[in-house]
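Analysis of the macromolecular model
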Amino acid sequence: MKIAYLTLVHDNPGVLKRLIAALSCKDCGFFIHIDRKANIRQFSGINGDNIFLSEERVPVYHSGFTMVEATLLLLRGALSRPQDYDYFVLLGGTHYPLQSKEYIHSFFEKNRGSEFISMARMPNDAYGMPVSKLNRMYFEEDEPVRRFVSRVLAKVGLAQRDHRKCLGGREAYGGSQWWALTREACQFIIEFLQSNENLSRFFRNTCCPDEMFFHTILGNSPFRSHVRRNLTYLHWPVGQRPSVLNSAHVQQIASRERPWIDDEWGSGEALFARKFCDDNLQLLDQIDAIIRRKRACEECL
């Protein structure tokens with residue numbers, strides 16, 4: 001089982017270094033995109049034979065299509081390598097594993113063929129995905145004039161479109177940004193985009209396309225029948241932003257032999273968690289200690 005970790009980062013180099021150290025082995029590679037707006041010098045100590053920093057860097061803006069562009073850079077780079085990775089796991093710079101690298105490789109081997117991407121058909125108010133998220137025109141922060149005009153027009157019912165026409169009869173799907181996909185699914189995505197440029201044009205002016213772009217491609221493909229919920233634990237209180245994790249979260253996660261998630265996307269195992277930060281790397285020490293105890297118990301059996 002060979003795994004490519006696609007990692008989007010802009011800060012917290014300490015967490016990234018620990019993430020790589022925890023997961024690194026001969027059968028994995030790390031493909032890292034550093035936001036062009038970030039100070040790349042803070043990541044200068046991150047290197048190795050299985051670490052590949054994207055030479056092309058895009059300025060990534062929250063809720064913008066640049067997030068998708070950065071992900072595609074990493075995906076294409078990983079697919080082009082001779083290692084023939086079996087799974088491609090999308091992570092952020094604040095992710096950290098909840099299981100040992102041995103366990104994670106075994107998990108993907110046992111579940112080979114599954115696509116771990118939380119998704120549902122849109123529009124879907126129950127999942128916080130209204131039709132307005134698809135039909136309202138959106139522009140990124142680097143286009144301030146168009147961004148301002150679109151907001152003004154939206155208030156009077158303009159700057160709208162019909163996503164059904166734009167998607168050419170395809171169903172729209174949305175869900176969590178983070179996923180773990182098979183090589184076959186990733187190759188399908190890249191090949192699909194080569195002959196369906198209209199999809200990229202549509203999502204380029206859509207808010208939070210990283211939560212819909214890959215989902216829509218796979219949702220309209222044969223891979224849809226192999227989809228399971230994603231593998232990332234995230235504490236996201238209703239009406240708030242995702243929480244930076246603390247010791248209480250870690251203890252809750254570790255209370256089960258296998259960290260588990262039960263939420264609107266269903267029930268399933270958690271292999272990773274986010275959001276951690278450089279200000280509290282001691283939390284990663286706690287997780288490492290928990291993983292070591294589990295490994296010791298497994299070896300005693």
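That block above? That's the structure.
Notes on the structure in this doc start here. (Residues numbered from 1 in each chain as written. Predicted model: local features only at pLDDT ≥ 70, side-chain atom pairs only at ≥ 80, totals over all residues. Heavy atoms only, no water.)

1. Concerning unusual backbone geometry
- Here Met 122 and Pro 123 are connected by a cis peptide whose omega angle stands at -5°.
- Within the secondary structure, Pro 123 is located in the loop between strand E7 (119-122) and helix H4 (132-135).
- For the bond from Arg 274 to Lys 275, the omega torsion is 20°, close enough to zero to count as cis.
- Here Lys 275 shows up in the loop between strand E14 (272-273) and helix H11 (282-300).
- For Ser 63, which is not glycine, the phi torsion reads 75° and is therefore positive.
- With respect to the element layout, Ser 63 can be found in the loop between strand E3 (51-53) and helix H2 (66-79). (Helix = DSSP H or I, 4+ residues; strand = E, 2+ residues; numbered from the N terminus.)

2. Here's the deal with the nonpolar core
- Core analysis: the biggest nonpolar cluster contains 47 residues, and Leu 6, Phe 88 and Phe 213 have the highest contact counts within it.
- Considering each element in turn, this core owes the most residues, eight residues, to H2.
- Filtering out sequence-adjacent residues up to four positions away, Phe 213 remains in contact with Phe 65, Val 68, Leu 72, Leu 193, Leu 199, Ser 200 and Phe 203.
- Within the second largest apolar cluster, 43 residues are counted, among which are Ile 34, Tyr 96, Ala 270 and Ile 291. (Core = buried A, V, L, I, M, F, W, Y, C linked by side-chain atoms within 4.5 Å. Buried < 20%, exposed > 50% of the residue type's maximum accessible area, 1.4 Å probe, protein only. Contact = heavy atoms within 4.5 Å.)

3. Here's the deal with the pairing of strand E2 (residues 28-34)
- Among the seven residues of E2, seven are classified as buried, and the element is accordingly described as predominantly covered.
- Direction of pairing for strand E1 (residues 3-9) relative to E2: parallel, over a ladder of seven bridges. By the bridge assignment, Val 9 is partnered in E2 with Ile 34.
- The handedness of the E1 to E2 crossover, carried by helix H1 (residues 13-23), is right-handed.
- Pairing analysis gives three bridges linking E2 to E3, with the strands arranged parallel. Across the sheet, residue Ile 32 finds its bridge partner in E3, namely Leu 53. (Pairing = 2+ DSSP bridges. Right-handed = clockwise from strand over helix to strand, strands pointing away.)

4. Remarks on the pattern of salt bridges
- Applying the stated rule across the entire model yields 14 salt bridges.
- With a closest N to O distance of 2.7 Å, Asp 35 and Lys 37 form a salt bridge.
- On the accessibility criterion, Lys 37 (47% relative accessible area) is partly exposed.
- When the shortest N-O distance is used, the salt bridge between Asp 263 and Arg 229 registers 2.5 Å. Taken as a pair, Asp 263 in strand E12 (residues 260-263) and Arg 229 in the loop between strand E10 (227-228) and strand E11 (232-233) lie far apart in primary sequence, 34 residues in all.
- Connected through salt bridges with shared partners, the residues Arg 18, Asp 285 and Asp 288 form a single ionic network. (Salt bridge = Lys/Arg side-chain N within 4 Å of Asp/Glu carboxyl O.)

5. A short note on the packing of H2 against helix H7 (residues 183-195)
- Put simply, H2 and H7 touch, their axes get as near as 11 Å, and they point 115° apart. Taken as a pair, H2 and H7 cross one another with a handedness that is left-handed. Contacts between H2 and H7 pair Leu 72, Leu 75, Arg 76 and Leu 79 from the former with Arg 183, Cys 186, Gln 187, Ile 190 and Leu 193 from the latter.
- A breakdown of the residues in the contact of H2 with H7 according to their chemical character gives six nonpolar, one polar and two charged. (Axes fitted to C-alpha atoms, helices over the stretch in contact; angles between N-to-C directions. Left-handed = near helix turned anticlockwise from the far one by under 90°. Nonpolar A, V, L, I, M, F, W, Y, C, P; charged D, E, K, R; others polar.)

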